[in-house]
Amino acid sequence: MLSKVIAQANIDHAEKWFERADKIVIVTHVSPDGDAIGSSLGLWHFLESQEKTVNVIVPNAFPDFLRWMPGAKDIIRYDKYTEFANKLLNEADVICCLDFNALSRIDAMADAVAQSPARKMMIDHHLNPEAFCKIIISHPEISSTSELVFRLICRLGYFEDITKEGAECIYTGMMTDTGGFTYNSNDREIYFIISELLSKGIDKDEIYRKVYNTYSEGRLRLMGYVLYDKMQVFPQFNSALIWLTKEEQSKFQYVKGDTEGFVNIPLSIKNIIFSVFLREDTEKNMIKVSLRSVGAFPCNKVAVEFFNGGGHLNASGGEFYGTMDEAIDLFKQALVKYEELLLVKK
Ligand code: 5GP
Ligand code: MN
C-alpha cells in the first residue's frame, strides 16, 4: 500500500476538473528531461484512456534518447508550431503544468499559459512553487514528477486504466530523475510503484538500455575529450568543474542530449561531493550551468546565488550570461564562499 502523499482536497479538486474537462493541455519545462517527458506522457496516456482531447506541448526540443517513448511523436514543440500551440492553450479547459514550479521555466510559452482562461494545475517536485496554478500538487520530497503522476492516477481510482505504454513513460521519469535509482531513491515506496508498473508488462531493463545505451559515437568521444582535457579537480574543495565551448561541441557533432549525465561523472571520484558543468548553449546565447552534489551540500543554493537558477538539493541548474572565463571565475568564488560546507567526507 502506498501512503497518501497528495492531499485529499487536491485529489477531489483534480477529479472534478478532469471530469468536467474535455480539452486538456499538458505542458512541461524547457529542454525537457526524462521526468518532464515521462510525467507528461504518463498523464497523457491516462487522460487519453478517459476519452479526453489531450495534447502535450513542450517549449523546445528534447533529447533523441527519449524519442522512443510511446506518444513522443505526438508531442508539440512550441518553438516550431507556436500558432497552433497558442490556439490549443487558449481553448483548453485545463492546463496541467508538470515538472516545473515557475512560469520562467517554460520560456517563450509563459505568456500563453499565463493568459489562457483555462484552469491550471501544477504537478511538481521542485521547491517553492509560484502561485500561477489554482491546484498546486507540489511535493519536493518525492523524487520525480512521474511518481506523483502515478500516485495521482491511483488516488483517482484508475490504476486499472494505466496501460503498458503509460507505465513505460512513468517508469522512465522515475528512473531518469534518480540516475537509475542511485540517488534520491531510498524511499521504499518507489520500489512498490516499480512493482506495480512491472505488473503492466513493462520491461525495465529494456527501458534502461533505450535511455542510457543508445548514444552516438560522437557523445562517447566528446566524453573522452572532456574527461581528459576539460575537467578540473579542486581537491582542496572536494569539487570538480567541467566546461565546454560551442566550438568544441560542434567538433564532436554535438546533438541535444549528448552531454546529458556528464556533470555526474566527477562525483565518482573519491571525496568529490560537488560538480559543476558549464556549457555554452547551442540555441541561446548563454552558458547553461548544471550542478550536482552528494549528501547535504546544497548545490541549489549555489545555483540561486551565482547562476540565476534553482532546483533540488543534489541536482540543480541555472543560466549564465557572460563569457566562459567569467563563469569559471564565479564558480571559483562559490567554492570559496561555500568552503566550510564542502569540507565534509562522502
Ligand atoms: P540539469 O542539470 O539536468 O539541466 O537540471 C537539473 C535540475 O536543475 C532540473 O531538474 C531543475 O530542477 C533545475 N534547473 C535546471 N536548470 C534550471 C534553471 O535554469 N533554472 C532553475 N530555476 N532551475 C533549473
Ligand atoms: Mn523532475
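Every chain is numbered on its own, with residues counted from 1 as its sequence reads. Chain A is the first chain written and ligand 1 is the first ligand written, with later ones labelled in order. In keeping with the predicted nature of the model, local features appear solely for residues at pLDDT of at least 70, side-chain atom pairs appear and are counted solely at 80 or more, and the whole-chain, interface and lining totals rest on all residues. Hydrogen atoms and water are omitted, and side-chain values are computed over all heavy atoms in the structure.

Undergrad: How should the packing of aromatic side chains be read in this particular structure?
TA: For any pair of aromatic rings, geometry is given as the distance between the ring centres together with the angle between the planes. Between the rings of Phe, Tyr and Trp (Trp by its six-membered ring), a pair exists once the centres lie within 6.5 Å; its type follows the angle of the planes, with under 30 degrees stacked, over 60 edge-to-face, and the other angles tilted. Inspection of the entire model under this criterion finds 14 aromatic pairs. Considering the side-chain rings of Tyr208 and Tyr212, the 4.7 Å spacing of their centres and the 50° angle between planes classify their relative orientation as tilted. With Tyr208 and Tyr212 both in helix α8 (residues 204–212), this residue pair falls four residues apart, about one helical turn. With relative accessibility at 40%, the residue Tyr208 sits in the partly exposed group. By way of ring pairs, the aromatic residues Phe234, Phe274, Phe297, Phe331 and Tyr338 are connected into one cluster. Whether a charge sits over a ring depends on NZ of Lys or CZ of Arg being within 6 Å of the ring centre and within 35 degrees of the ring normal. Its end group placed over the ring of Tyr225, Lys251 keeps NZ or CZ at 5.4 Å from the ring centre. Secondary structure elements are defined from DSSP: runs of H or I of at least 4 residues count as helices, runs of E of at least 2 residues count as strands, and each element is numbered from the N terminus. A 1.4 Å probe rolled over the protein chains alone gives each residue an accessible area, and that area as a share of the maximum for its type sets the label: buried under 20%, exposed over 50%, partly exposed in between.

Undergrad: How should I be thinking about the coordination of the manganese ion (ligand 2) in this particular structure?
TA: Octahedral metals with six donors have ideal donor angles of 90 or 180 degrees. Tetrahedral metals with four donors have an ideal donor angle of 109.5 degrees. Protein-derived ligands of the manganese ion (ligand 2) are Asp35 (OD), Asp99 (OD), His125 (NE2) and Asp177 (OD), with the metal-ligand distances lying across 2.2 to 2.4 Å. Taking relative accessible area as the criterion, Asp99 reaches 2% and is therefore assigned buried. Only N, O and S atoms count as donors, using a 2.8 Å limit from the metal and a wider 3.2 Å limit for Na, K and Ca, and since water is excluded some coordination spheres may look unfilled.

Undergrad: Honestly, helix α5 (residues 145–155) in this entry has me stumped. Any pointers?
TA: It helps to recall that an α-helix has 3.6 residues per turn; residues three or four apart then point in one direction. Of all 11 residues that make up α5, nine are buried, and the element is covered over most of its length. Of all the positions in α5, only Thr145, Ser146, Glu147, Leu148, Val149, Phe150, Arg151, Leu152 and Ile153 are classed as buried. Just downstream of α5 lies Gly157, where phi reads positive at about 95°.

Undergrad: How should I be thinking about the side chain of Ser275 in this particular structure?
TA: Among the secondary structure elements, Ser275 is positioned in strand β9 (residues 274–280). For Ser275, a relative accessible area of 0% puts it in the buried group. A polar contact is formed between the side chain of Ser275 and the backbone oxygen of Val263, at a distance of 2.6 Å. Ignoring any residue separated from it by four or fewer positions in sequence, one finds Ser275 in contact with Ala240, Val263, Pro266, Leu267, Ser290, Leu291 and Arg292. Here a polar contact means two N or O atoms within 3.5 Å. Within protein one must be a hydrogen donor candidate and the other an acceptor candidate, and residues neighboring in sequence count only if both atoms are side-chain atoms. We call two residues in contact when some of their heavy atoms are within 4.5 Å.

Undergrad: Looking at this structure, I do not really get the site of ligand 1. What am I missing?
TA: By convention in these notes, a residue is near a molecule or strand provided one of its non-hydrogen atoms lies within 4 Å of it. Around ligand 1, the surrounding shell holds 14 residues, and the nearest of these are His126, Lys288, Ser290, Arg292 and Ser316. His126 has a polar side-chain atom sitting 2.6 Å from an oxygen atom of ligand 1. Here an oxygen atom of ligand 1 sits 3.0 Å away from a polar atom, N or O, in the main chain of Gly317. Surface exposure here means Shrake-Rupley accessible area, sampled with a 1.4 Å probe, where a residue is shielded only by the protein chains that are shown. The fraction of the free accessible surface of ligand 1 (490 Å²) that becomes covered by protein chains is 82%. The set of elements that each furnish at least two residues to the shell around ligand 1 consists of β10 (287–293), β11 (310–311) and β12 (315–320). Broken down by element, the residue count for the shell around ligand 1 peaks at five residues, all from β12. Each residue belonging to the shell around ligand 1 can be placed in one class, and the counts come to one nonpolar, nine polar and four charged. Polarity classes work like this: nonpolar for Ala, Val, Leu, Ile, Met, Phe, Trp, Tyr, Cys and Pro, charged for Asp, Glu, Lys and Arg, and polar for all others, with Gly in that last group.

Undergrad: In this structure, what is going on with the layout of surface pockets? I would like to understand it.
TA: Gaps between atoms show up when a probe of the same size as a water molecule is rolled over them. Put simply, the grid is 1 Å and covers the protein atoms alone, a cavity is a trapped set of points that fit a 1.4 Å probe, a pocket is an open set with protein on both sides within 12 Å along at least five of seven lines, and lining residues have an atom within 4 Å of a point. Grid points are joined across faces, edges and corners, and a volume is the space filled by probe spheres set on the points. Considered as a void within the structure, the second largest pocket measures approximately 240 Å³ in volume. Considered class by class, the residues forming the lining of the second largest pocket number four nonpolar, six polar and two charged.

Undergrad: Sorry, what's going on with the UniProt feature "domain: DDH" (unreviewed entry) in the protein chain here?
TA: UniProt positions are given in the numbering used here, feature names are shortened, and annotations may be inferred rather than shown by experiment. In the UniProt entry, the feature "domain: DDH" (unreviewed entry) is given for residues 23–174. Split by type, residues 23–174 is 36% helix and 19% strand. Its first and last C-alpha atoms lie 27 Å apart.

Undergrad: What am I meant to see in the UniProt feature "domain: DHHA1" (unreviewed entry) in the protein chain here?
TA: What UniProt calls "domain: DHHA1" (unreviewed entry) maps, in this numbering, to residues 256–335. The span residues 256–335 is 26% helical and 28% strand by assignment, and the distance between its end C-alpha atoms comes to 29 Å.

Undergrad: Teacher, can you tell me more about helix α7 (residues 188–198) here?
TA: Every buried residue of α7 is listed here: Glu189, Ile190, Ile193, Ile194 and Leu197. With its buried residues spanning 150° around the axis, α7 presents them on a single face. The inward-facing, buried residues of α7 contact α5, α6 (164–176) and α8. Backbone nitrogen of Glu189 and a side-chain oxygen of the N-cap are separated by 2.9 Å at the start of α7; the cap is Asp187. In this description, one arc is meant: the one made by directions from the helix axis to the C-beta atoms.

Undergrad: Just to check I follow, could you spell out the packing of helix α2 (residues 34–49) against α5 for this structure?
TA: Relative placement of two packed helices is described by the angle separating their axes and the distance separating the axes. Fitting a line to C-alpha atoms yields each axis, with helices limited to the stretch in contact; the angle taken between N-to-C directions then spans 0 to 180 degrees. Where α2 contacts α5, the two axes come as close as 8 Å, and the packing angle between them is 20°. As judged from the angle between their axes, α2 and α5 are roughly parallel. Pair α2 / α5 crosses with right-handed handedness. Residue-level inspection shows Asp35, Gly38, Ser39, Gly42, Leu43 and Phe46 of α2 in contact with α5, the latter providing Thr145, Ser146, Val149 and Ile153. To sort the angles, those under 35 degrees are grouped as roughly parallel, those over 145 as roughly antiparallel, those from 65 to 115 as roughly perpendicular, and the leftovers as oblique. Each crossing gets its hand from how the near helix is turned against the far one by less than a right angle, where anticlockwise is left-handed and clockwise is right-handed.

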